[in-house]
Amino acid sequence: MESLARLAQGRIESIERLERPFSNFKYISKHGLFCYAGCSLQRIFCESRRAGAQTLVVEHLDDSEEIDDETQDLKHLSAQYSRSEIRRITFWKSPYSGNDQEFNPLADSLLGYAIIRADFFRDADSPKFHVFESVFRKYNHLHNFVPCGVSFEVEFNGKRYSIMGVMYCQQNGLTKACAQVALRSLLATRRPDSPIKYSEINKAAGITKPSEGLRCDQIQRVLDHFGVNYRDVDYDIEKDSRKYLPYSKLLYAGLENGFGGLLGFDLTGVNEDGSEVNGRHIIPFFGHTFNQDTWAPRARNAYFRIGENTRYIPSDEWLSSFIGHDDNFGSNYCVPKGFLDPKCVSYALAMLPDNYTSDPIQAEAVVAQVMPLIFDKVPEEFRNQFWFSRLSLYVKRQDVVLRTRALSREDYIKHLKQMHDWLGNKINNKLCDICKLLPNVLWMVEISIPEIFSTNYGKLGEVLLPGDVSLLIKDDNTTTDNNDIPYLNRISFVRFPKVALIGTQFRGKGNVRDFIHIPCEITEHVPLFGCPSYDDLQPCMSNTMTIDKLKENARKYRDHLKKSTGKVVTFSKSGPISMYLVDDIIKVLEDQQKAIDDLKKKLS
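A brief structural summary.

Rules and cut-offs
Residues numbered from 1 in each chain as written. Predicted model: local features only at pLDDT ≥ 70, side-chain atom pairs only at ≥ 80, totals over all residues. Heavy atoms only, no water. Helix = DSSP H or I, 4+ residues; strand = E, 2+ residues; numbered from the N terminus. Buried < 20%, exposed > 50% of the residue type's maximum accessible area, 1.4 Å probe, protein only. Contact = heavy atoms within 4.5 Å. Areas by Shrake-Rupley, 256 points an atom, 1.4 Å probe, with all protein chains shown as cover. Core = buried A, V, L, I, M, F, W, Y, C linked by side-chain atoms within 4.5 Å. Disulfide = S-S within 2.5 Å. Pairing = 2+ DSSP bridges. Axes fitted to C-alpha atoms, helices over the stretch in contact; angles between N-to-C directions. Salt bridge = Lys/Arg side-chain N within 4 Å of Asp/Glu carboxyl O.

Helix and strand counts for the protein chain stand at 18 helices and 23 strands. Out of the 604 residues in the protein chain, the part that is buried amounts to 51%. Once local pairs closer than 6 in sequence are excluded, the contacts in the protein chain between residues at least 24 apart make up 72%. Total accessible area computed for the protein chain in this model is approximately 28700 Å², and 50% of it derives from carbon and sulfur atoms.

In C-alpha cells form, the structure reads like this:
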C-alpha cells in the first residue's frame, strides 16, 4: 500500500476533452458522484480552465496509508459510517485523441490534480463530499509571488509526474476542521514526500473531538511536534500587538521567507433568529501579489506621517493581496490586504526557516535603526558614486525601502555570482570568496528606493545579519554612550554600489565592531533576490517583443517538442493561439513583418 494518496494506483473511469462546448458545471451536475460537491470542486475546474487544460482524467483510486488513516478515524468517530468512494482527477495540457490506450501525456503536461472523497453514512441520503487534497500550478502572472511552492509527485498510468504548487485541503466536519486542514496544507510544503496524517495532527494537539477545531495553544503543540520554527501572536491575549505587530506584517514575514502563515479571525453577522454569529475560521496563506503602481507607500510618508520618525518604507507597502486557500470555497484565492478588519483577527502565525532564533521583523528593525551608522562606515572615496549618493539622499529623507529574506551563506554567495547590474557588471570572485567567512544562517535586508523597487524589482544593496543569534541588545556587553552601537555590532556584511563592507573583530572604546571595505564591480542597481533578472523582465516592462524574437522563440519551441517527443507535434486549431501549429505561428509572424515593411515603404 502506498503511503501517499497521490501516488496510489488508479483505474481510469473516464477521459474527457475540455475544449468547447464542454461545460464544467454541466459535467459536475451530471456526474454520479461529483454532483454532491460544493463550490470547492467547481473552483478547481475553473482553475483548470484558466490554466488551458485540454484533457480531464477521472480515476478510481486504490487505498493508501493517508486515506486509510482517515477511514479508521471515521469508523471510530461515527457508528453510522458505511463506506467511501475515492476519485483522483487530473488536468492535462496534452490533448486527447479519443483513444484511452494512446493517452500518454508529456512529462510537463500536468496542470493540476485533486483527490476527491465521498463518505457514505447509513443515516444520510447523500454522501459527505470533500476534497482530500489538491495542487494546481501557480497562476502565471508576473505580479503573483508564491515563494513556498514545492514539487509534488503524482502517479498516472504507471508513470510519475511532478507539479509545483501548494496543497489545498478541505475539512469534513468529523475528522478535521479548518485548523487541521490549514496545518496540513502548509506542513506539506515542508514535507512533500512524507505522509501527513490527520490522526497524527489530532494526537499532537491532544484532542478527542477533531470537529471542534484547534485552539492557539493546540496549533502550537502541532507545530512543535513537527519541528516547525514559527512566530505567532494571539491577539486576544496580546491586545497591544494589533498596533505594534499587525497581522499583515507578521503574515508577510512568513510569506516572503518561503514557509507561509496562518490567519485566524472571528465571524461576524446575525443569524436568522437575530442572534449574533459566534464562530471562528482559520486559513493558510503562502503568497502575495505585488502592485507596482500603488500610491500608498509614497503618500503615507508624504501626507499622513509628516514629522514622524518613520525611518524607512517596508516592502509590504506594495503588497496588494495575500494568496491563500479557504477550505470552504477552494484554492488559490487573493485576499485584499485591507479586507480583514484587524479587530476581527484573533490569531496570526508566520512559519520561519529552521535554525533561526530571531525573526525578519527584528532584523529589519535593526537595520533601520543603524542605517546612518552603516553609511558612515563607507570611505569618502566611494560616497560620490552616483547611486550611493542617491541612496544616501533617500536615507536622509527616510524614503528608503527595506525587504528582508532568510538565506544560507551558500545561497547568498550563489546570489552574488548570478548578480549583474543594469550595465551588465558582475561581482568578482574575490568578494564571493570573502563571503565564505559569513555566518551560515543569515538575514538579508535588501535596500532600495521606491522607483527602482517598484518598477524594476531592483535594489541598490543589502545588509546581512546572523539569523542564529539574538538580535536584541539586552545581552550585549557593549559599553558606549551610543545606544545604536549594539545594533551595529549585529551587522556582518554590507554591499552598496561600488563598495562592500565586512565586519571584523570588536575593538576600541565601547567594544565596537570594525569594518573593512572591499571594492565591488557592481555600480548600478540589481534585481531583488528571487525576482526575475533584468534580461527576463525587459519584455514585460516594454510589453512588446520584436517579431524576429517571437519567430525565434516559436522555432525553439518547435525544436524542443520534436526533441522531447521524437516526432513533430501538432495541435488542433480549435484551441487558443498558443496551441496552434508552430509553423503556422511563424507564417503569421512573417506575414505581419511583410505588412509592416510594406507600410514603412509607403510612409517613406
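What follows picks up the thread again.
Among the nonpolar cores identified, the biggest contains 50 residues, and Leu 183, Ile 219 and Leu 223 are the most heavily contacted of them. The element that contributes the greatest number of residues to this core is helix H4 (residues 178-190), accounting for eight residues. Residues within four places of Ile 219 in sequence aside, it is in contact with Leu 183, Leu 214, Leu 262, Ile 282, Tyr 347 and Leu 349. Among the nonpolar cores identified, the runner-up in size contains 40 residues, and Val 370, Phe 382, Ile 447 and Ile 491 belong to it.

This structure, assessed with the given rule, holds zero disulfides. Just so you know, Cys 520 is unpaired, no disulfide at all, and the nearest cysteine sulfur is the one on Cys 432, 9.1 Å from it. Looking at Cys 520, the relative accessible area reads 3%, which means it is buried.

Attention shifts here to the environment of Phe 145. With respect to the helices and strands, the residue Phe 145 is situated in strand S6 (residues 144-145). A relative accessible area of 15% places Phe 145 in the buried class. Along the backbone, Phe 145 and His 288 are 143 residues apart, and their C-alpha atoms lie at a distance of 5.4 Å. For Phe 145, the contacting residues outside a window of four places in its chain are Lys 138, Gly 287, His 288, Phe 290, Ile 323, Tyr 457 and Cys 531.

The antiparallel open sheet is built from five strands, whose spatial order is S1-S2-S3-S4-S5. The open sheet has two edge strands with one neighbour each: strand S1 (10-17) and strand S5 (128-136). In this sheet, neighbouring strand axes are inclined to one another by 20 degrees on average, regardless of whether the strands run parallel or antiparallel. Pairing geometry for strand S3 (residues 81-92) and strand S4 (residues 110-121), over eleven bridges, is antiparallel. Considered in S4, the bridge of Ser 84 is made with Asp 119. On the sheet, helix H3 (residues 65-77) packs against S3, S4 and S5 and is oriented at approximately 20 degrees with respect to S4.

The next subject is the pattern of salt bridges. The final tally for this structure, using the stated rule, is 37 salt bridges. Arg 160 is the partner of Glu 2 in a salt bridge, and the nearest nitrogen-oxygen pair spans 3.7 Å. Taken as a pair, Glu 2 in the segment before S1 and Arg 160 in strand S8 (residues 159-165) lie far apart in primary sequence, 158 residues in all. The exposure class assigned to Glu 2 is partly exposed, which follows from its relative accessible area of 30%. For Arg 160, a relative accessible area of 47% translates into the label partly exposed. A salt bridge links Lys 337 to Asp 316; the nearest nitrogen and oxygen atoms lie 3.5 Å apart. Of this pair, Lys 337 sits in the loop between strand S14 (330-336) and strand S15 (345-352) while Asp 316 sits in the loop between strand S12 (313-314) and strand S13 (319-326), and the two are 21 residues apart along the sequence. Residue classification places Asp 316 among the buried positions, given a relative accessible area of 6%.

Worth remembering: the numbers are spatial, not functional.
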